[in-house]
Amino acid sequence: MSATDSDANTERSTTLDGRDAVAAARLQLLVDTRRQLLIHVPALTPEIFGSPAELDELRRIATSGRGAEIRLLLHDTATAIRDDHRLIGLAQRLPSVLQIRTPVEDTDRACASAWLLGDAGGYLFLPDARQPQGRCSRSDRPGQIPLRQQFDGMWERSVRARELQAIDL
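Residues numbered from 1 in each chain as written. Predicted model: local features only at pLDDT ≥ 70, side-chain atom pairs only at ≥ 80, totals over all residues. Heavy atoms only, no water.

## What about helix α6 (residues 141–157)?
Compared with the 24 Å implied by 1.5 Å per residue over 17 residues, the 24 Å span of α6 between its first and last C-alpha is a close match. Its axis deflected by about 30° at Leu147, α6 carries its strongest bend there. Among the residues making up α6, those that are buried are Gln144, Leu147, Phe151, Met154 and Trp155. Along its buried surface, α6 packs onto β4 (36–41), β5 (69–74), β6 (98–102), α5 (106–109), β7 (114–118) and β8 (123–126). For α6, the side-chain oxygen to backbone nitrogen distance between the N-cap and Gly143 is 2.9 Å, and the N-cap itself is Asp140. (Helix = DSSP H or I, 4+ residues; strand = E, 2+ residues; numbered from the N terminus. Expected span 1.5 Å × (residues − 1). Bend = angle between axes of the 7 residues up to and from the residue. Buried < 20%, exposed > 50% of the residue type's maximum accessible area, 1.4 Å probe, protein only. Contact = heavy atoms within 4.5 Å. Polar contact = N/O pair within 3.5 Å; in protein donor to acceptor, adjacent residues only side chain to side chain.)

This is the structure we're talking about:
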């Protein structure tokens with residue numbers, strides 16, 4: 001994930017092609033993240049946020065202390081529940097820190113891309129979440145802005161994924 005610096009705080013994006021490259025970039029961004037993480041993904045599959053290393057990093061972020069926050073926009077909650085995705089279990093144990101919402105508006109639900117935004121200024125963007133091709137940067141706040149704005153708008157229009165809440169009996 002090396003790139004040429006255009007200034008002291010911005011790194012040019014790197015093109016990614018292939019599952020291994022995307023997984024490595026995703027893990028590196030998780031490692032770089034201190035307290036706040038934004039994730040948009042249409043569906044959770046076992047290879048997305050399912051590896052022990054990724055879950056360890058997500059747990060570290062979620063338990064990093066005051067200000068810790070992970071927000072996940074997830075379109076397909078039914079598959080995540082059916083497949084018993086490990087991230088759902090983490091969200092159920094830490095519901096005040098790891099929040100999951102589901103888009104309800106047709107325009108938001110039609111968004112097929114996926115992205116990950118870390119508080120260190122890094123991002124991973126896949127134009128089509130089903131294809132392991134996209135771009136990333138470990139530190140590019142200006143490049144993050146349009147993705148963050150889109151995320152924030154979708155988050156506000158989405159509803160809490162109540163079906164993912166743990167049931168205490």
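Moving on, there is more to tell.
## Digging into the packing of aromatic side chains
The full count for this structure, using the stated rule, is 2 aromatic pairs. Measuring from ring centre to ring centre gives 6.4 Å for Trp115 and Phe125, while their planes differ by 35°; the resulting arrangement is tilted. In this pair, Trp115 is assigned in strand β7 and Phe125 in strand β8, connecting sequence segments 10 residues apart. For Trp115, a relative accessible area of 3% puts it in the buried group. (Phe/Tyr/Trp six-rings, centres within 6.5 Å; stacked < 30°, edge-to-face > 60°.)

## Brief notes about helix α2 (residues 52–62)
Regarding α2, the residues found buried are Glu54, Leu55, Glu57, Leu58, Ile61 and Ala62. For α2, the arc enclosing every buried residue in end-on projection is 160°, short of the 170-degree limit, so these residues lie on one face. On its buried face, α2 sits against α1 (19–32), β4, β5 and α4 (86–93). (Arc of directions from axis to C-beta.)

## Comments concerning the environment of Arg34
Mapped onto the elements, Arg34 comes out in the loop between α1 and β4. Relative accessible area serves as the criterion here: at 48%, Arg34 is assigned to the partly exposed category. Taking C-alpha positions, Arg34 is 14 Å from Leu116, a pair spaced 82 residues apart along the chain. Setting aside chain neighbours within four positions, we find Arg34 in contact with Arg60, Ile61, Ser64, Asp119, Ala120 and Arg141.

## Things to note about the pattern of salt bridges
According to the stated counting rule, one finds 11 salt bridges in the structure shown. A salt bridge links Asp128 to Arg130, with the shortest nitrogen-to-oxygen separation between them at 3.1 Å. A residue is classified by how much of its surface remains accessible, and Asp128, at 22% relative accessible area, is partly exposed. For Arg130, a relative accessible area of 63% puts it in the exposed group. (Salt bridge = Lys/Arg side-chain N within 4 Å of Asp/Glu carboxyl O.)

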